[in-house]
Amino acid sequence: MALIDEMEKQLRPPEDTVEPYPAKYITLASGEKMLVRQISREECGIVLEAVRPLMTVEKDFYDIVASRIYSEVLGYMRYRVKDEYVFLGTINGEIVGIVNGRLVTPELGMSYHTIAIRQGLRIGAQLFAAKMEYHFDILGQEEVLVVAESPNGFKRWMIEYELESRPEVWHELGGVPTFVLTRELWEKHKAEKSTGRRPVPDELLAANIPPHLSASYAQKS
Amino acid sequence: MRDVGIVGVGHTKFGRWNGSYLDMASTAAVEALHDAGINLAAGEAGIDQLFLASMGAGQVNRISGAASALVDTLNLRPAMAETVENGPASGASAVKLAYMAIASGLANTVLVVGAEQMRVLSGWESTDFVATMLHPEAEYPYGMTLPAAAGMFTRLHMEKYGTSEKDLAIVAVKNHENAMHNPVAHIHLVPDLHAITDDEDANVINPYVAEPLRVYATCPMSDGAAALVLTALDTEREFAHKPVRIAGVGQATDTHVVAERPDPLDLFAVRESAKRAYEMAGMGPKDIDVAELHDAFQILEIAESEEVGFFPRGEGNKAAREGKTRVDGEMPINTSGGLKAKGHPVGATGVSQVVEIVRQLRGEATGRQVKDARTGLTTNFGGFGNNVVSIILTTKEKG
């Protein structure tokens, strides 16, 4: 093995086997069906391109959220973050939203970011709910650490889920005060926040894979 | 009294306004003046009076005496200027006052602007701001909000008249479809009726705001401004457009506390304001070709359509179900998209409703034009029906 490969091996976090998120679909208010699924490292390139146009949009803090997602997805793609996952929301293959996070311990999850590329259909809310479903209902975790970097996020997560304030706990996104979604709070809110159906019909999967970029970004107008 | 007509209309895109309050109000005003053929740059606007309608310029935007700021911004000095605050009916009240100023001979040409910038507030703060229109001792201090009032009203309407959540959704979808043809509407998205009512995911993607009202049965919070140029019809001054005559203006009040009404479902002030407008115009409901009704909540479009006489009491839901209120129906309502989809910057709404009717009567409502529309009605609903203004506009000669 070449020296460079040996060094790269040292740089990568140890690989754990983590149960994958089973894809689901949600009928949105427009009647369109959004597929929510976990993506592999090989699909990250297009996700980077999907958030790139929003990295300079100051409105609603899209710039910081998009830039951080770019960095986090790149970290996943290059094997620099341990046990990270990335979900895509797609409608007929068009990338309409992205969420990501990671597992810290078998009991503890770390929510990273949620971004809605298409607005007005509660896509961000549904993708956030999907990742919480992953942490609690699929992986059986007990708590997820959450921070918000925009007022919209604060309203959607901290207030609507009544998250528990735990500023003394450190979140990997920095010094922003940490809040916690506990299993108890998840059970209290999930019926009104989380929806979707499984299994996903083959034709719906086929219509959404591979994903493609949105033709326009309303946030930029 | 002199007859009064509208010769200019202006309207910003409703939704989020990223500039200042005065920039927003000025944008609509300049468009209306331009539409009237008035050359503002020449310093000869000939505006005698400005009325600025706003519910929250002072409370939300920290601008007291906003009309004084706007008249100066527009370089219309020494025109008279007043700010008009009458809750969500501020806009139609400003139109009424403009009518009175001209009809009385105090003014010849008046500029009316309705402007509200609400999205500087969070959703909760906006709800609280709007709730300040409720009774200050009997309702507001107890946590009453407008969605709560509308939710209770809707529940009663459902029990008494069989209105369903689907009826409300039908009204919403119709208004969203209309808004797709209105470039100044806040929301350009048509919800799918099945998806927001019967689909397995409906409970989550269209959640309750105040049961039985869901997201798609309530209007959004919007910024926006609309403007009108009104003039005396006996003036020799020439404008770019033939005036659309204001044939009738009616206003009525009701108990401020909804619970004090003998029947909470009886929107007396809506009925009475429309009756007064009809009487003044010498017209009735059958003369109306198109109407803009105040659908801050979808139940209000149904209830108001009954109170203004378009449909018998308790049958507004059926009319909506049968498509009678669609653009191509027998009584088109809210062709602009209504408050539901065009948006509801509260103080601007009454002016915006008149703008839509003027566009309809001029034949300019592309994509949503009501065929052969010659007479239209607006109903601007203040409080929870405690102060309502109705206006009738027509292109028909006074008979």
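It should be noted that the structure appears before, not after, this text.
Definitions and cut-offs
- Residues numbered from 1 in each chain as written.
- Chains lettered and ligands numbered in written order.
- Predicted model: local features only at pLDDT ≥ 70, side-chain atom pairs only at ≥ 80, totals over all residues.
- Helix = DSSP H or I, 4+ residues; strand = E, 2+ residues; numbered from the N terminus.
- Rg over C-alpha atoms; globule rule 2.2 N^0.38 Å.
- Buried ≥ 20, exposed ≤ 12 C-beta atoms within 10 Å, placed from the backbone.
- Contact = placed C-beta atoms within 7 Å.
- Axes fitted to C-alpha atoms, helices over the stretch in contact; angles between N-to-C directions.
- Parallel < 35°, antiparallel > 145°, perpendicular 65-115°, else oblique.
- Nonpolar A, V, L, I, M, F, W, Y, C, P; charged D, E, K, R; others polar.
- Core = buried A, V, L, I, M, F, W, Y, C linked by C-beta atoms within 7 Å.
- Pairing = 2+ DSSP bridges.
- Right-handed = clockwise from strand over helix to strand, strands pointing away.

Secondary structure summary: chain B contains 13 helices and 11 strands in total. Against the 2.2 N^0.38 benchmark of 21 Å for 399 residues, chain B shows a C-alpha radius of gyration of 20 Å, consistent with a compact globule. Here the C-alpha coordinates of chain B stretch approximately 60 × 45 × 40 Å along the principal axes. Out of the 399 residues belonging to chain B, those deemed buried represent 60%. Considering only contacts within chain B whose residues lie at least 6 apart along the sequence, 77% involve residues at least 24 apart.

On to the packing of helix α3 (residues 90–103) of chain B against helix α13 (residues 346–362) of chain B, then. Residues and elements named next belong to chain B. Viewed as axis vectors pointing N to C, α3 and α13 meet at an angle of 60°, and their least axial separation amounts to 5 Å. Here α13 runs oblique to α3, going by the angle between their axes. Contact with α3, carried on its side by S90, G91, A92, S93, A94 and V95, involves G347, A348, T349, G350, V351, S352 and V354 of α13 and no other residues of that element. For the contact of α3 with α13, the residue count by class is 6 nonpolar, 7 polar and no charged.

Between chain B and chain A, the contact holds 17 residues from the first and 16 residues from the second. Counting only elements with at least two residues in the side of chain B that touches chain A, the list comes to α7 (193–197) and α8 (202–205) of chain B. A total of 3 residues in the side of chain B that touches chain A trace back to one element, the largest contributor, which is α7(B). For the side of chain B that touches chain A, a count of residues per class yields 9 nonpolar, 4 polar and 4 charged.

Most often, soluble globular proteins keep nonpolar side chains buried together rather than apart. Counting residues in each nonpolar core, the largest one holds 182 residues, and the members touching the most others are B:L50, B:V112, B:V113 and B:L228. Here the element with the most residues in this core is helix α4 (residues 123–138) of chain A; it accounts for 9 residues. Setting aside chain neighbours within four positions, we find B:V112 in contact with B:F51, B:A94, B:V95, B:A98, B:A227, B:L228, B:L230 and B:V351. Formed by 6 residues, the second largest nonpolar core is a distinct cluster that contains B:A179, B:A185, B:I187 and B:A341.

This next bit is on the pairing of strand β6 (residues 143–146) of chain A. All names here are of chain A. Every second residue of β6 is oriented toward a common face, with E143 and L145 on one face and V144 and V146 on the other, all of them buried. Relative to β6, strand β5 (residues 108–116) is paired through 3 bridges, and the arrangement is parallel. Along β6, the bridge assignment pairs G109 with V144. The handedness of the β5 to β6 crossover, carried by α4, is right-handed.

Here we take up the sheet that holds strand β1 (residues 4–11) of chain B. Residue and element names in this part refer to chain B. With mixed pairing, 9 strands are arranged side by side in an open sheet as β3-β2-β4-β7-β1-β8-β11-β10-β9. On the outer flanks of this sheet lie β3 (80–84) and β9 (290–293), each paired with one strand and no other. Neighbour to neighbour, the strand axes of the sheet diverge by 25° on average, direction disregarded. Against the sheet, helix α9 (residues 268–281) touches β8 (244–253), β10 (375–382) and β11 (387–394), its axis set at about 145° to β8.

This part is about the sheet that holds strand β4 (residues 94–103) of chain A. All names here are of chain A. Spatially, the 8 strands line up as an open sheet ordered β1-β2-β3-β4-β5-β6-β8-β7, and their pairing is mixed. One side of each edge strand has no neighbouring strand; the edge strands of this open sheet are β1 (24–27) and β7 (164–165). Two strands pair when backbone bridges link them, and strand β2 (residues 33–38) and strand β3 (residues 84–91) are joined in this way by 5 bridges, in the antiparallel orientation. Paired with V36 across the strands is G89, a residue of β3. Across the sheet, helix α2 (residues 44–51) touches β3, β4 and β5, and the angle it forms with β4 is around 110°.

The next point concerns the environment of B:P332. Residue and element names in this part refer to chain B. Mapped onto the elements, P332 comes out in the loop between α11 (316–321) and α12 (338–341). In the structure, P332 is positioned 40 residues away from E292 in sequence and 8.7 Å away in space, judged by C-alpha atoms. Not counting the four nearest positions on each side in its chain, P332 is found in contact with V290, T325, R326, V327 and V370.

This part is about unusual backbone geometry. Here the residue pair A:R198 and A:P199 is connected by a cis peptide bond, since its omega of -5° sits within 30 degrees of zero. Its location among the elements puts A:P199 in the loop between α6 (183–193) and α7 (202–208). A cis geometry characterises the amide bond from B:E211 onward to B:P212, with omega recorded as 10°. Phi at A:F61 takes a positive value of approximately 60°, unusual for a residue other than glycine. In this structure, A:F61 sits in the loop between α2 and α3 (62–77). One non-glycine residue with positive phi stands out, namely A:Y79, at about 60°.

All names here are of chain B. Along the chain, the position of P243 falls in the loop between β7 (224–232) and β8. By C-beta crowding, P243 is classed as buried, having 22 other C-beta atoms within 10 Å. Between the C-alpha atoms of P243 and K342, which are 99 residues apart in sequence, the distance is 25 Å. Residues in contact with P243, not counting those within four places in the same chain, are G5, I6, V7, T231 and L233.

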